[in-house]
Amino acid sequence: MSVSSVPPIAGLGEPGAVLLAGPSAEAGPEALRAHLERLGSLPPVSELTVEEIAASGLRGRGGADFPVARKMQAVRDAVARTGRPPVVVVNGSESEPASRKDEVLLAFRPHLVLDGAAAAARLLGADEVVVHVHSASAAAQRLSAALDERAAARLLDPGWRLSRGPGSYTSGESTAVIQFLEGGPARPRSNRLPVAVRGLHDAPTLLHNAETFAQLALLARAGRAAWRRDGPPDGSFLVTLDGDVREPGRVVEVAGTATLGELLNGPGGVSGGAAVLIGGFAGRWLDARRVSDLPLGRTAMAEAGVPLGCGLVAVLPPDACGVAQTAGLVRWLAGQSAGQCGPCVFGLPSLAELIERLARGRPRRRDDVELRRLSSSIVARGACRHPDGVLALVASMLEVFLVDVTRHAAGTPCRKVHATPWLRLPDEVRGVA
Amino acid sequence: MSPRSDGHLTIHIDLARCRGHGICALLLADHVDLDDWGYAVLNEESADSRRATRRARRASRACPQGAISVGPVSNEPGRLEA
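Residues numbered from 1 in each chain as written. Chains lettered and ligands numbered in written order. Predicted model: local features only at pLDDT ≥ 70, side-chain atom pairs only at ≥ 80, totals over all residues.

Participant: What exactly am I supposed to notice about the overall build of chain B here?
Facilitator: Across its full length, chain B holds 2 helices and 5 strands. For chain B, the α and β elements follow one another from N to C terminus as β-α-β-β-β-α-β. A separation threshold of at least 6 residues defines the contact pool for chain B, and within that pool the share at least 24 residues apart is 61%. (Helix = DSSP H or I, 4+ residues; strand = E, 2+ residues; numbered from the N terminus. Contact = placed C-beta atoms within 7 Å.)

Have a look at this one:
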């Protein structure tokens, strides 16, 4: 089927979908039998090689866009060097509050994710795969059922272990997941060696998020030519739409070549909007005027300075104040610190106060200097990248809302809406679609 | 993440452990400053003389949090994880 005849953007079970192909949401999780009838069984290990993955250009979909093949090679090298058996970890914790793409995959296409993890385990010679999710996530129950199905079907699977952990923001970071799986607190830790080299109980560990493993499952079956089809050169990818859109929380797959404008004007999208928050709560603002022709692709957007991160695309309503909304996000993010690193513990609340003063139109006289000083005290000094993400959000606010920032700094009254958090800043449990 | 080829050791400070005691800034003044909140800032990761290596090891032993390590692995060539 030619992709040009189908929509480049598709929801669960809709025409054009690749990752999200199969039954619609109403059908619930795709059962193992239906999954195997639709896609066939996983080919033997020889057909998926690290070289093939490298040639595909697949990068991790958890937010950092790290090349999957390089991580795999690092695991292999560490196994060869240390003789320790490797472990595979599926990070399904998706701790970005507004992101739902991994949850949708785990809840509706559990076997696609599990196939990818099984393929990676075969490739690396790992006997154990840990699947880690939020204890509150509805996907946990569905995964448990999916693992029972696989056990009953006697697939050539690795040993599975389902882990349920806390859902707070920094607990989904890779080293926090590893530390939790070792019986410690779910907090990021500063590793001198990457998880791929020394991860779970010091074993070389391949840790990816759910979408990355789902992509591997398709790649293992189709080979890279079919995997890419006519879509983005780095493969199709999932996006969660939120904010001022017709259907907040909708997860779609970008399976063909499209622009951000087409994504936002398509089903579940939006027509107006002042700016778009891209990549997560600690993402980057994008001026709505740049939306219309920005090519949708993870690499293309990273190159344009707005990396897709967790895949969140959240539209700010035209009448909302971007400075006030940023202040709310920075305050919330400051509260999400794991409480370990000084620059994060002390720097982020100071940063939040400064942005709140600006939002209220009452900055201190030297706040511009203070902001630069604070930023240099915080940047690149955490065990994880949490504080750096917050700084990037603030930097993009200064750029995209320059006119508003200048007015606020001068104490000119702001006529835009300050109240009502535009995005839900949740502590509550998220459900499944 | 490979061992340094020049044989020099590198200093690593784990900011998740640092509690701002500040002893390292006294013992390793050439390498470590303190930020506004008293936490260690590593200005120079390379301990490129025997004297520097000796001091770095002493600072490592003196840190009440065990936050300082000295080893052959460079911190430089990019983090594999993010």
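Participant: Sorry if this is basic, but what is going on with the overall build of chain A here?
Facilitator: Secondary structure assignment for chain A yields 15 helices and 10 strands. Over its C-alpha atoms chain A spans a radius of gyration of 22 Å, differing by no more than 12% from the 22 Å that the globule rule assigns to 433 residues. The dimensions of chain A, computed from C-alpha atoms along their principal axes, are 70 × 50 × 35 Å. Every one of the 433 residues in chain A was classed for burial, and the buried ones make up 55%. Summarising the internal contacts of chain A: among those between residues at least 6 apart in sequence, 73% fall at separations of at least 24. (Rg over C-alpha atoms; globule rule 2.2 N^0.38 Å. Buried ≥ 20, exposed ≤ 12 C-beta atoms within 10 Å, placed from the backbone.)

Participant: Please clarify how the environment of Asn209 of chain A should be interpreted in this entry.
Facilitator: Within the element layout of this structure, Asn209 of chain A appears in strand 5 (residues 205-209). Separated by 101 residues in sequence, Asn209 of chain A and Cys310 of chain A have C-alpha atoms that sit 9.9 Å apart.

Participant: Looking at this structure, I do not really get the packing of helix 11 (residues 322-334) of chain A against helix 12 (residues 342-359) of chain A. What am I missing?
Facilitator: Angle between the axes and distance between the axes are the two parameters that describe a pair of packed helices. All names here are of chain A. Direction vectors running N to C along helix 11 and helix 12 enclose 160°, while the axes themselves pass 9 Å from each other. Classified by the interaxial angle, the pair formed by helix 11 and helix 12 is roughly antiparallel. Between helix 11 and helix 12 lies a crossing whose hand is left-handed. Every residue of helix 12 that contacts helix 11 at Val323, Ala324, Thr326, Ala327, Val330, Arg331, Leu333 and Ala334 is listed here: Leu348, Pro349, Leu351, Ala352, Ile355, Glu356, Leu358 and Ala359. The class makeup of the residues in the contact of helix 11 with helix 12 is 13 nonpolar, 1 polar and 2 charged. (Axes fitted to C-alpha atoms, helices over the stretch in contact; angles between N-to-C directions. Parallel < 35°, antiparallel > 145°, perpendicular 65-115°, else oblique. Left-handed = near helix turned anticlockwise from the far one by under 90°. Nonpolar A, V, L, I, M, F, W, Y, C, P; charged D, E, K, R; others polar.)

Participant: Can you help me understand the interface of chain A and chain B in this one?
Facilitator: Interface size, as often reported, equals the accessible area lost upon joining of the parts. At the junction of the two partners, chain A supplies 25 residues and chain B supplies 17 residues. When residues of the side of chain A that touches chain B are traced back to their parent elements, those giving at least two are helix 3 (68-82), helix 7 (174-181) and helix 12 of chain A. Of the residues forming the side of chain A that touches chain B, the biggest block, 3 residues, is contributed by helix 12 of chain A. Considering only residue class, the side of chain A that touches chain B consists of 13 nonpolar, 7 polar and 5 charged.

Participant: Looking at this structure, how should I read the pairing of strand 4 (residues 159-165) of chain A?
Facilitator: Residue and element names in this part refer to chain A. Pairing between strand 3 (residues 128-134) and strand 4: 7 bridges, direction parallel. Within the sheet, the bridge partner assigned to His134 lies in strand 4 and is Gly165. For the crossover from strand 3 across helix 6 (residues 138-153) to strand 4, the handedness is right-handed. (Pairing = 2+ DSSP bridges. Right-handed = clockwise from strand over helix to strand, strands pointing away.)

Participant: It is not clear to me how the nonpolar core should be interpreted in this structure. Could you clarify?
Facilitator: Across soluble globular proteins, you tend to see nonpolar side chains buried next to one another. Judged by nonpolar contacts, the single largest core of 153 residues is most densely connected at Val88, Val113, Ala117, Ala120, Val276, Val330 and Leu351 of chain A. The residues touching Val276 of chain A, leaving out its near neighbours within four places in the chain, are Leu286, Ala288, Val291, Val313, Ala314, Val315 and Leu316 of chain A. (Core = buried A, V, L, I, M, F, W, Y, C linked by C-beta atoms within 7 Å.)

Participant: Can you help me understand the packing of helix 4 (residues 101-108) of chain A against helix 6 of chain A in this one?
Facilitator: Residue and element names in this part refer to chain A. The geometry of helix 4 relative to helix 6 is characterised by a closest axis approach of 8 Å and an angle of 30° between their N-to-C directions. If you check the angle between helix 4 and helix 6, you find them roughly parallel. Relative to helix 6, the crossing made by helix 4 is left-handed. From helix 4, Glu103, Leu106 and Ala107 reach across to helix 6, where they touch Ala138, Ala139, Arg142 and Leu143. Taken together, the residues of the contact of helix 4 with helix 6 sort by class into 5 nonpolar, no polar and 2 charged.

Participant: What is the right way to look at unusual backbone geometry in this model?
Facilitator: With glycine set apart, most residues show a phi of negative sign, and most peptide bonds adopt trans. Residue and element names in this part refer to chain A. Even without being glycine, Arg154 reaches a positive phi, approximately 55°. Following the sequence through the fold, Arg154 ends up in the loop between helix 6 and strand 4. Even without being glycine, Ala380 reaches a positive phi, approximately 55°. Here Ala380 is to be found in the loop between helix 13 (367-378) and helix 14 (386-400). Of the residues examined, Ala380 has 10 C-beta atoms within 10 Å and is grouped as exposed.

Participant: In this structure, what is going on with the pairing of strand 8 (residues 275-278) of chain A? I would like to understand it.
Facilitator: Consecutive side chains of a regular strand alternate in pointing toward one face of the sheet and then the other. Residues and elements named next belong to chain A. Going residue by residue along strand 8, you find Ala275 and Leu277 tucked away on one face and Val276 and Ile278 tucked away on the opposite face as well. Adjacent in sequence and paired antiparallel, strand 8 and strand 9 (residues 284-287) are bridged by 5 residues, among which Gly279 carries a positive phi angle near 100°. Sheet topology note: the strand 8/strand 10 (residues 312-316) ladder contains 4 bridges and is antiparallel. Pairing of Ala275 across the sheet is with Leu316, part of strand 10.

Participant: Explain the confidence of the model for chain B to me, please; I cannot follow it from the model alone.
Facilitator: Low-pLDDT portions of the prediction should not be read for the details of their coordinates. All names here are of chain B. Per-residue pLDDT for chain B has a mean of 83; in total, 79% of the residues score no lower than 70. Looking at the elements of chain B, mean pLDDT is at its lowest for strand 4 (residues 46-47), recorded as 90, and at its highest for helix 1 (residues 23-27), recorded as 96. The model gives residues 75-82 a pLDDT under 50, and that stretch makes 18 contacts with residues more than four places away or in other chains. Of the two predicted TM-score estimates for the complex, the pTM is 0.90 and the ipTM is 0.80. (pLDDT = per-residue confidence, 0-100.)

Participant: Can you help me understand the sheet that holds strand 10 of chain A in this one?
Facilitator: Strand pairing within a sheet occurs via backbone hydrogen bonds; the two strands may be parallel or antiparallel. Residues and elements named next belong to chain A. The 6 strands lie next to each other as 1-7-6-10-8-9, forming an open sheet whose pairing is mixed. Single-partner strands in this sheet number two, and they are strand 1 (9-10) and strand 9. Here strand 6 (residues 237-243) pairs with strand 7 (residues 251-254) via 4 bridges, running antiparallel. Looking across to strand 7, one finds that Phe237 is bridged to Val254.

Participant: Help me out: how do you make sense of helix 4 of chain A in this one?
Facilitator: An α-helical segment advances 3.6 residues per turn. Residues three or four places apart therefore align on the same side. Most of helix 4 of chain A is tucked away: 8 of the 8 residues are buried. Taken residue by residue, helix 4 of chain A has Lys101, Asp102, Glu103, Val104, Leu105, Leu106, Ala107 and Phe108 of chain A as its buried positions.

Participant: Help me out: how do you make sense of helix 5 (residues 110-124) of chain A in this one?
Facilitator: Residue and element names in this part refer to chain A. Taking 1.5 Å of rise per residue, 15 residues should cover 21 Å, and helix 5 covers 21 Å from first to last C-alpha, within 8% of that figure. Among the 15 residues in helix 5, 15 count as buried, and that is most of the element. Where helix 5 ends, the next residue or the one after it, Gly125, has phi of about 75°, a positive value. (Expected span 1.5 Å × (residues − 1).)

Participant: Sorry, what's going on with the sheet that holds strand 3 of chain A here?
Facilitator: All names here are of chain A. An order of 4-3-2-5 is seen for the 4 strands of this open sheet, with the pairing classed as parallel. Edge positions in the sheet fall to strand 4 and strand 5, since each of these pairs with one other strand and no more. When strand polarity is set aside, the average angle formed by the axes of neighbouring strands in this sheet is 20°. Two elements, strand 2 (residues 87-92) and strand 5, share 5 bridges in a ladder whose sense is parallel. For Val90, the partnering residue across the bridge sits in strand 5 and is His208. Helix 6 contacts strand 2, strand 3 and strand 4 of the sheet and is inclined by roughly 165° relative to strand 4.

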